[in-house]
Amino acid sequence: MEILFFDKDDRGYTRDDIYNVLKLIGADDCETLFIHSDVMFGRPGPKFNRKEYLSILYEILCSLNVKNIIAPTFSYSFCNGEDYDVLKSKTSMGAFNEYIRKQENRYRTMDPLLSLSVPQTLRKQFENVSGHSLGEGSGLDILHGLDGVKFLFFGARLGECFTYLHYVEKMLDVPYRFDLDFEGNIIDESEKKSRRKQTIHTGCYGVKIGECHYFEDYLYDNGYLKRARLGDGSVACISERNAFDQIRYRLENDINYFLEQPFSEKDLVHKYTMGLDGSRITHC
C-alpha cells in the first residue's frame with residue numbers, strides 16, 4: 001500500500017495506519033464527528049499532490065461510517081471588515097476543513113464569523129443559526145443539542161483551537177468575556193446580499209487567555225479523551241458531553257482555570273483584543 005507521509009524517523013504511514021489509529025481512539029463510535037484539523041503529520045509521500053492527499057484523508061474519515069461529519073469553517077469575515085460569501089469566503093481553519101466544505105452535499109451555515117460545514121441532511125437543523133456566534137441558537141449550541149457527538153482533533157491540538165470552550169464560557173456567562181457586535185453583508189447561495197449584525201463573546205482587554213494544553217492532559221489523564229501519536233503529530237477524540245461537562249466543572253471550581261493568570265476587576269475592559277497589530281483576525 002502506498003505511503004502517504006513519512007515521520008521524522010522515516011517511518012512511512014499508509015491509509016490503513018491512519019484508519020486504525022482513528023479506530024483506536026474511538027473516532028468511529030459516534031453519530032457525528034466534529035473535526036479540528038492540522039494534517040501535516042510528516043513529510044509527504046512522493047506520489048500524491050496536496051489535493052490528492054486531502055482527498056485520501058477525507059476518504060479515510062468517510063470510511064469510518066460515521067453518519068455526520070461536521071467541520072468548522074470559521075471565516076471571521078465581519079471581524080476583518082469583509083463581506084461573508086457563503087460559497088467563496090475561505091475558512092481560516094486549515095486546508096483540510098476548506099477541502100471538506102467544498103465537497104458535494106454539504107451546507108455551510110450563515111454565520112459570518114463562526115460558520116460550520118454540515119451534511120445536507122442536517123441543513124434544516126442548522127439553517128437558521130442565531131445572530132450570536134457563541135450564544136443560544138448558534139451552530140455550536142445546535143451541536144450541543146445533538147446526540148452522539150464527538151470532537152476529533154486530527155493533528156490539531158485541543159489547547160490551540162477548541163473554540164467550543166468559548167461557547168461553554170458564554171453559556172456560563174463568565175465575567176472575563178463580553179458580547180461584541182459586528183456588522184457586514186452576507187451573500188447567500190443564490191448570490192443575494194443582505195445586511196446583518198453578528199455578535200460574539202470575546203475576551204476582555206486585560207485578560208490573558210491560556211493555551212490550555214494542561215486541560216488536554218487533564219482530560220487524557222482522567223479518561224475523558226483518547227489520544228494517540230500519528231506520524232510527527234497526534235490525534236485525539238472526546239465526546240461533546242464529556243467536553244461540556246468538564247469545561248463547566250473546571251470553571252465552576254476555578255473561574256481562572258482557562259486563563260494564563262487570574263484576572264482582576266481592572267482587567268475587565270470591554271475592548272477588542274484581536275488584530276491590534278494589523279494581522280488578520282482568526283480567533284475570537
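Only a predicted model underlies this, so the values are computations on that prediction, with no experimental measurement involved. Sequence order as written defines the numbering, with residues in each chain counted from 1. Local features in a predicted model are, by the rule used here, given only for residues with pLDDT of at least 70; side-chain atom pairs are given and counted only at 80 or more, and totals for whole chains, interfaces and linings are based on all residues. Note that water and hydrogens are dropped before the side-chain values are worked out from all heavy atoms of the structure.

*Asks:* Break down the overall build of the protein chain for me, citing the residues and quoting the values.
*Replies:* Secondary structure is summarised from DSSP: a helix means a run of H or I of at least four residues, a strand means a run of E of at least two, and numbering begins at the N terminus for each. Scanning the protein chain from terminus to terminus reveals nine helices and 13 strands. Relative to the globule expectation of 19 Å for 284 residues, the C-alpha radius of gyration of the protein chain, 19 Å, shows essentially globular dimensions. C-alpha extents for the protein chain along the principal axes are approximately 55 × 45 × 40 Å. Each of the 284 residues in the protein chain was classed as buried or not, and the buried ones make up 56%. Summing over all exposed atoms, the protein chain offers an accessible surface of approximately 13,400 Å²; the carbon and sulfur share of this is 45%. One finds the centroid of the 36 positive side-chain charges in the protein chain at a distance of 3 Å from the centroid of its 44 negative side-chain charges. We compute the radius of gyration over the C-alpha atoms and compare it with the globule rule, which gives 2.2 Å times the number of residues raised to the power 0.38. Relative accessibility thresholds used throughout: buried, under 20% of the residue-type maximum; exposed, over 50%; partly exposed, between the two (1.4 Å probe, protein chains only). To measure how exposed things are, a 1.4 Å probe is used in the Shrake-Rupley method; for residues, cover is taken only from the protein chains shown. Charge convention: Lys and Arg are scored as positive, Asp and Glu as negative, and His as well as the terminal groups of each chain are ignored. Every charge is mapped onto a representative atom, which is NZ of Lys, CZ of Arg, CG of Asp or CD of Glu.

*Asks:* Can you tell me about a negative patch on the surface, naming the residues and giving the values?
*Replies:* A surface patch of like charges, here negative, comprises Asp-38, Glu-160, Glu-211 and Glu-260. Relative to the helices and strands, Glu-260 resides in the segment after α9 (240-253). What makes a patch is a set of residues exposed beyond 30% relative accessible area and free of salt bridges, joined within 9 Å when like-charged and within 5 Å when nonpolar (Val, Leu, Ile, Met, Phe, Trp, Tyr). Note on definitions: salt bridges are taken to be side-chain nitrogens of Lys or Arg within 4 Å of carboxyl oxygens of Asp or Glu.

*Asks:* Any details on the sheet that holds strand β1 (residues 5-6)? Residues and values, ideally.
*Replies:* Strand pairing follows a simple DSSP-based rule, namely that at least 2 bridges must link the two strands. With antiparallel pairing, the three strands of this open sheet are ordered in space as β2-β1-β4. Each edge of the open sheet is held by one strand with a lone partner, namely β2 (12-13) and β4 (43-44). Summarising the sheet, β1 and β2 pair through two bridges and their orientation is antiparallel. Bridge pairing links Phe-5 to Tyr-13 in β2.

*Asks:* Give a detailed account of the layout of surface pockets, specifying residues and quantitative values.
*Replies:* Every definition here rests on a 1 Å grid over the protein atoms only: cavities are sets of points where a 1.4 Å probe fits but cannot get out, pockets are open sets enclosed by protein on both sides within 12 Å along at least five of seven lines, and lining residues have some atom within 4 Å of a point. Grid points are joined across faces, edges and corners, and a volume is the space filled by probe spheres set on the points. Estimates place the volume of the largest pocket at around 780 Å³. Residue lining of the largest pocket: 32 residues in total, with Gly-159, Glu-160, Cys-161, His-166 and His-283 positioned closest to the centre. Elements supplying a minimum of two residues to the lining of the largest pocket: β3 (32-37), α6 (158-161) and α7 (164-172). Ranked by the residues each element gives to the lining of the largest pocket, the list is headed by α6, at four residues. The space that makes up the second largest pocket amounts to roughly 190 Å³. In this structure, the second largest pocket is lined by 15 residues; those nearest its centre are Val-39, Met-40, Arg-50, Tyr-53 and Leu-54.

*Asks:* Go over the nonpolar core with me, naming the residues and quoting the values.
*Replies:* Residues belong to a common nonpolar core when they are buried Ala, Val, Leu, Ile, Met, Phe, Trp, Tyr or Cys residues joined through side-chain atoms within 4.5 Å. Core analysis: the largest hydrophobic core is formed by 60 residues, its most contacted members being Phe-151, Tyr-164, Phe-215, Ile-247 and Phe-258. For this analysis, residues touch if any pair of their heavy atoms sits within 4.5 Å. The contacts of Phe-258, once residues within four sequence positions are left out, are Leu-165, Glu-169, Tyr-176, Ile-209, Gly-210, Cys-212, Tyr-214, Phe-215, Ile-247, Arg-250 and Leu-251. Judged by nonpolar contacts, the second largest core, of 34 residues, contains Leu-4, Leu-57, Leu-64 and Ile-100.

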